[in-house]
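Each chain, letter by letter, is given below.
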Amino acid sequence: MNPAHNIYIHVPYCISKCNYCAFFSRAISPDWESYESQVLSEIDFWHNKLDRIKIPTIFFGGGTPSLMPVDIFDKIIKHIATKFDLSECAEITLESNPGTLDTQKLDDFIKCGVSRLSVGVQSFDDDELKFLGRRHDATTAIKLLDGAMKKNIRVSADFIYGLPNHNVENIIRLCDQINKIGLQHASLYELTIEKNTPFGRMNLKMPDNNIMADMYLAIQDNLKLPRYEVSNYAAAGHTCQHNENIWAGAPYIGLGFGARGRIFMENQWFEQSGGDIQFDAIDNKTRAIEKLMTGLRTLRGTVIDDDIKNILDFDFINSHNALVKIDGNRIYATDAGILILDDLLVDILG
Ligand code: SF4
């Protein structure tokens, strides 16, 4: 029997493209029926390969999944339920953008199984939202968050910091607003400038690395929610179960164009992409490096299994305890290590 797999479903459509966005998404009017039939046939494909495995979590990411008609969403969930075992499915997350989801539509999604809503708020400042190329204003975002938090679901919001001219004051203000709203989960991402985006062509003057580090540390000092991953903060019991599973190295199926997955079947790992279904075997060392990279981003770190044991430089680790530590069978980065995680990863690979 193959092990349980989480499911990530990519919805690659948006109303318009944001100025910083390098995600795989297009601002077009989607043909939802052909999207649905493609996703359903991918579900069939993986059912044939993996059989009726357990699905611990489902995550609809984008793009803007909240644009999806609810009946299409319903058919996808029902089809998953006929092909896989959802009896222990702990979480179905829907990513959304303010302005694309009213109370009625949210209620309908909840009736179809959504148990967690992730809202792309990005900023509570209307000028910043315009600068980022977002289509909503702060009032619309707050209304969606307030309404969703009254429902029987878990609610998260995404924010971007480190805009040109941002400093610690901006972070403190943002954290105060998140605290005031009473969010139980928030993701705060540093703005990164990607080539082939409007921002990539604008020669923006970004805050320097010291200011960025101060802003990062200011989040921990000012946000009531504790950090559990580099960019993610949650009250106890409110972490994103889907992401926790993926970061811990659990297998997952990616459905829809732009989705990526990691399949584990017949004792072999495969990297997989949705759309024109493709999957290629990857060796245990490659998979161990991936697990280490995602696991070290989390506060609890990574379990040192046999494959990870083989790739670690224990001499480096033992002589750099201010950056990285081993506790029992886990390895984790300290607060100082998290700040230089990319460099640290290179150093601890033996
Ligand atoms: S809404 Fe999200 S996925 Fe869509 S363009 Fe903006 S940042 Fe990209």
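Residues numbered from 1 in each chain as written. Predicted model: local features only at pLDDT ≥ 70, side-chain atom pairs only at ≥ 80, totals over all residues.

(A) Main features of the sheet that holds strand E14 (residues 324–327). Strand order in the open sheet formed by 3 strands is E13-E15-E14, with antiparallel pairing between adjacent strands. Pairing within the sheet leaves two strands with one partner each, and these edge strands are strand E13 (302–303) and E14. Bridge analysis of E13 against strand E15 (residues 330–333) gives 2 bridges, and the strand direction is antiparallel. Within the sheet, the bridge partner assigned to Val303 lies in E15 and is Arg330. (Pairing = 2+ DSSP bridges. Helix = DSSP H or I, 4+ residues; strand = E, 2+ residues; numbered from the N terminus.)

(B) Representation of the domain arrangement of the protein in the model. Partitioning the protein into domains gives domain 1 (6–245) and domain 2 (284–350). The straight-line distance from the C-alpha centre of domain 1 to that of domain 2 is 28 Å. Each side of the interface is counted separately: domain 1 has 5 residues, and domain 2 has 6 residues. Across the side of domain 1 that touches domain 2, the residue classes break down as 3 nonpolar, no polar and 2 charged. (Domains from an automatic or database assignment. Contact = placed C-beta atoms within 7 Å. Nonpolar A, V, L, I, M, F, W, Y, C, P; charged D, E, K, R; others polar.)

(C) Layout of helix H9 (residues 284–295). In a regular helix each residue adds 1.5 Å, so 12 residues correspond to 16 Å; H9 covers 16 Å between its end C-alpha atoms and thus fits that length. Elements in contact with the buried residues of H9: helix H8 (241–247), strand E11 (268–273), strand E12 (278–282), E13 and helix H10 (306–309). (Expected span 1.5 Å × (residues − 1).)

(D) The packing of helix H6 (residues 168–181) against helix H7 (residues 209–222), seen in detail. Running from N to C, H6 and H7 cross one another at 30°; their axes reach a closest spacing of 9 Å. Relative to H7, H6 is oriented roughly parallel. Where H6 crosses over H7, the handedness of that crossing is right-handed. Contacts from Val168, Ile171, Ile172 and Cys175 of H6 reach H7 at Asp214, Met215, Ala218, Ile219 and Asn222. Grouping the amino acids of the contact of H6 with H7 by side-chain chemistry returns 7 nonpolar, 1 polar and 1 charged. (Axes fitted to C-alpha atoms, helices over the stretch in contact; angles between N-to-C directions. Parallel < 35°, antiparallel > 145°, perpendicular 65-115°, else oblique. Left-handed = near helix turned anticlockwise from the far one by under 90°.)

(E) Quick peek at the environment of Phe59. On the secondary structure map, Phe59 appears in strand E2 (residues 57–62). Considering only alpha carbons, one finds Phe59 and His10, 49 residues apart in sequence, at a separation of 8.4 Å. Those residues in contact with Phe59, other than ones at most four positions away along the chain, are Tyr8, Thr93 and His242.

(F) Representation of the packing of helix H1 (residues 32–50) against helix H2 (residues 70–83). The geometry of H1 relative to H2 is characterised by a closest axis approach of 10 Å and an angle of 10° between their N-to-C directions. When the axis of H1 is compared with that of H2, the two are roughly parallel. Note on element contacts: H2 touches H1 through Ile72, Lys75, Ile76, His79, Ile80 and Lys83, opposite Trp32, Glu36, Val39, Leu40, Ile43, Asp44 and His47.

(G) Quick look at the pairing of strand E9 (residues 252–255). Residues Tyr252 and Gly254 point to one face of E9 and Ile253 and Leu255 to the other, with burial holding for every one of them. When strand E1 (residues 6–11) meets E9, the two strands line up parallel, connected through 4 bridges. Looking across to E9, one finds that Asn6 is bridged to Tyr252. (Buried ≥ 20, exposed ≤ 12 C-beta atoms within 10 Å, placed from the backbone.)

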